[in-house]
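Each chain is listed here by its residues.
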Amino acid sequence: MNRAIRELKSYPMDRLNRAKEEIKRKGLKLFDFGTGDPKEPTPSFIREALIRAVPEVSQYPTVKGRKELREAAAGWVKRRFGVELNPETEVIPTAGSKEAIFHLPLVFIEAESDKRKVVFGTPAYPVYLRGTLFAGGEPHPVELKFEENFLLRLDKLPRSLLEETRIVWINYPHNPTGASAPLSYFEEVYGICREHGIILCSDECYVDIYFTEPPPSVLQVGKEGVLAFHSLSKRSGMTGYRSGFVAGDGKLVQEYLKYRSSFGVASQDFVQAAATAAWSDDGHVEERRRIFKEKAKVFSEFFKEIGLEFLPAEATFYLWVKTPKGVSGEKYALHLLKYGIVVSPGEFFGRGGEGFFRIALVPTLSECKEAVEVWRRAHAEFERVRR
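Just so you know, these numbers come straight off a predicted model, no measurement behind them.

A. Quick look at the nonpolar core. Counting residues in hydrophobic clusters, the biggest one holds 55 residues, and the most contacted among them are Leu 152, Leu 154, Val 168, Ile 170, Tyr 172 and Leu 200. When residues of this core are assigned to their parent elements, the largest contribution, 7 residues, is made by helix H4 (residues 67-81). Sequence-distant contacts of Leu 154, defined by excluding residues within four places in its chain, comprise Val 119, Leu 162, Val 168, Val 189, Ile 192 and Cys 193. Tyr 206, Phe 303, Tyr 318 and Ala 333 belong to the second largest nonpolar core, which has 37 residues in total.

B. View of the sheet that holds strand E8 (residues 244-248). Reading across from one edge, E2-E8-E7-E6-E5-E3-E4 is the order of the 7 strands in this open sheet, with mixed pairing throughout. Two strands close off the open sheet at either side, each with one partner strand: strand E2 (91-94) and strand E4 (138-143). Averaged over all pairs of adjacent strands, the angle between strand axes in this sheet comes to 20°, irrespective of strand direction. For strand E6 (residues 199-203) and strand E7 (residues 226-231), the ladder comprises 4 bridges, and the chain directions are parallel. Paired with Leu 200 across the bridge in E7 is Val 226. Packed on one face of the sheet, helix H6 (residues 127-134) meets strand E3 (117-122), E4, strand E5 (165-170) and E6 and runs near 160° to E4. Strand contacts of helix H9 (residues 250-260): E2, E6, E7 and E8, with the helix running at about 40° to E2, the strand carrying the most contacts.

C. The pattern of salt bridges, seen in detail. What the rule picks out here adds up to 32 salt bridges. Here Arg 66 and Asp 269 are joined by a salt bridge, their closest N and O atoms 3.9 Å apart. Highlighted residues: Arg 66 in the loop between helix H3 (44-53) and H4 and Asp 269 in helix H10 (residues 269-279), separated in sequence by 203 residues. Classification of Asp 269 as partly exposed rests on a relative accessible area of 30%. In this structure, Glu 164 engages Lys 117 in a salt bridge whose closest nitrogen and oxygen atoms are separated by 2.7 Å. Residue Glu 164 is located in the loop between helix H7 (159-163) and E5, and its partner Lys 117 is located in strand E3; the two are separated by 47 residues in the primary sequence. Judged by its relative accessible area of 33%, Glu 164 is partly exposed. A relative accessible area of 14% places Lys 117 in the buried class.

D. Representation of the side chain of Thr 165 in the model. For Thr 165, the location among the structural elements is in strand E5. Here Thr 165 falls in the buried class, since its relative accessible area comes to 0%. What Thr 165 contacts, discounting residues up to four positions off in sequence, is Lys 115, Lys 117, Val 119 and Ile 198.

E. Quick peek at helix H11 (residues 283-306). Between its terminal C-alpha atoms H11 stretches 36 Å, which fits the 34 Å expected from 24 residues at 1.5 Å a residue. After H11 finishes, the residue Gly 307 shows a positive phi value of roughly 80°.

F. Spotlight on the pairing of E3. In terms of burial, E3 is a largely internal element, 6 of the 6 residues being buried. Side chains of E3 alternate between two faces, with Lys 117, Val 119 and Gly 121 and Val 118, Phe 120 and Thr 122 buried alike. With H6 bridging E3 and its parallel neighbour E4, the resulting β-α-β unit is right-handed. Alignment of E3 against E5, held across 4 bridges, turns out to be parallel. If you follow Val 119 over to E5, its bridge partner there is Val 168.

G. Structural view of H6. Of the positions making up H6, those classed as buried are Val 127, Tyr 128, Arg 130, Gly 131 and Thr 132. The first or second residue beyond H6 is Gly 136, which carries a positive phi of 80°.

H. Fine view of the side chain of His 230. By the secondary structure assignment, His 230 is in strand E7. Here the side chain of His 230 touches Glu 204 through a polar contact of 3.0 Å, side chain to side chain. Ignoring any residue separated from it by four or fewer positions in sequence, one finds His 230 in contact with Trp 76, Phe 81, Ser 97, Glu 204, Val 207, Ser 217, Gly 244, Phe 245 and Trp 279.

I. Summary view of unusual backbone geometry. In this structure, the amide linkage connecting Thr 122 to the following residue, Pro 123, adopts the cis form with an omega of 15°. For Pro 123, the location among the structural elements is in the loop between E3 and H6. Unusually for a residue other than glycine, Asn 149 sits at a positive phi of about 55°. Position of Asn 149 relative to the elements: it lies in the loop between E4 and H7. Accessibility expressed as a relative area gives 30% for Asn 149, which makes it partly exposed. A positive phi angle is found at Thr 316, which is not glycine, with a value near 65°. Here Thr 316 shows up in the loop between H11 and strand E9 (318-322). Classification of Thr 316 as buried rests on a relative accessible area of 0%.

About the cut-offs
- Residues numbered from 1 in each chain as written.
- Predicted model: local features only at pLDDT ≥ 70, side-chain atom pairs only at ≥ 80, totals over all residues.
- Heavy atoms only, no water.
- Core = buried A, V, L, I, M, F, W, Y, C linked by side-chain atoms within 4.5 Å.
- Buried < 20%, exposed > 50% of the residue type's maximum accessible area, 1.4 Å probe, protein only.
- Helix = DSSP H or I, 4+ residues; strand = E, 2+ residues; numbered from the N terminus.
- Contact = heavy atoms within 4.5 Å.
- Pairing = 2+ DSSP bridges.
- Axes fitted to C-alpha atoms, helices over the stretch in contact; angles between N-to-C directions.
- Salt bridge = Lys/Arg side-chain N within 4 Å of Asp/Glu carboxyl O.
- Expected span 1.5 Å × (residues − 1).
- Right-handed = clockwise from strand over helix to strand, strands pointing away.
- Polar contact = N/O pair within 3.5 Å; in protein donor to acceptor, adjacent residues only side chain to side chain.

As structure tokens, then:
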């Protein structure tokens, strides 16, 4: 087997899925706050667009994607961020953001080069690490700090490291912590990457799920040497559709496009039709934001009640919570599992996740309220046994 595969632990969400199957076998009601896959229905106009587009004869889609989808994605970027994109040269549809993030280093990393490091913050979405390893790159995770709002601070890294770096990944709003970054942060990171000839990749798939101010995009700072990754999974409730896009520097986009056919990841035409409808409409996202804000309020009040510290929710549908003092995220998560409550231990997301757990606000609002009642008993029992 590929050594990169052998040396990796199983994908964290795979371990969660096995734990959930065990709960179901025991007959417990499951409150799943583990995987970020919300239960809110995909809006009907998106489903109808897909159904109308299912052809009588199925044929291969193109990797470049349908013109109307690229135009819809560019139109959303213009409305949302005030940035003009050329749909012909600066946008590629993708089968969600995960595959695009994973495949990117396969195109832009030269395994024999002295400039093959990939820098990203940790705790983190596991795909930055895994895509780097499969491409023969050298991952350089940088531990993010609670007191620094989990910002990846390139200005604190040695110049010698930056000179050897090919790609920097930033992810704001951030998974798993929910932290956001101001436009000034993007300006600083962009300047450092330009100075050192680094490709700046910004994973922005949560940028439309926010509760206060709309988070910015790196595209507002500049496009040279930049690729931004977007997804409809969270924005429009289309996790199962697998649809997103990459946009930015036209030269990088076209270079990436040239090799993506090797991966066989072109989206089906009928999914592209649904995606076109989704990127063309902003109203349905406002309703999703309202629902997630209500769920976040339920848990924010609950965690304050039981004395667990957490990062205040401003964006994403995650809450990043400190465990009871002296307890690992895994130990606390295993206790909650006995009551049918699934959370993700912070350790799942790499170094810096110790002593935290993540909840994804995926059950319905009524299920969240029901889960709080169960969790209250579970936490009281945990504290009683600890004493």
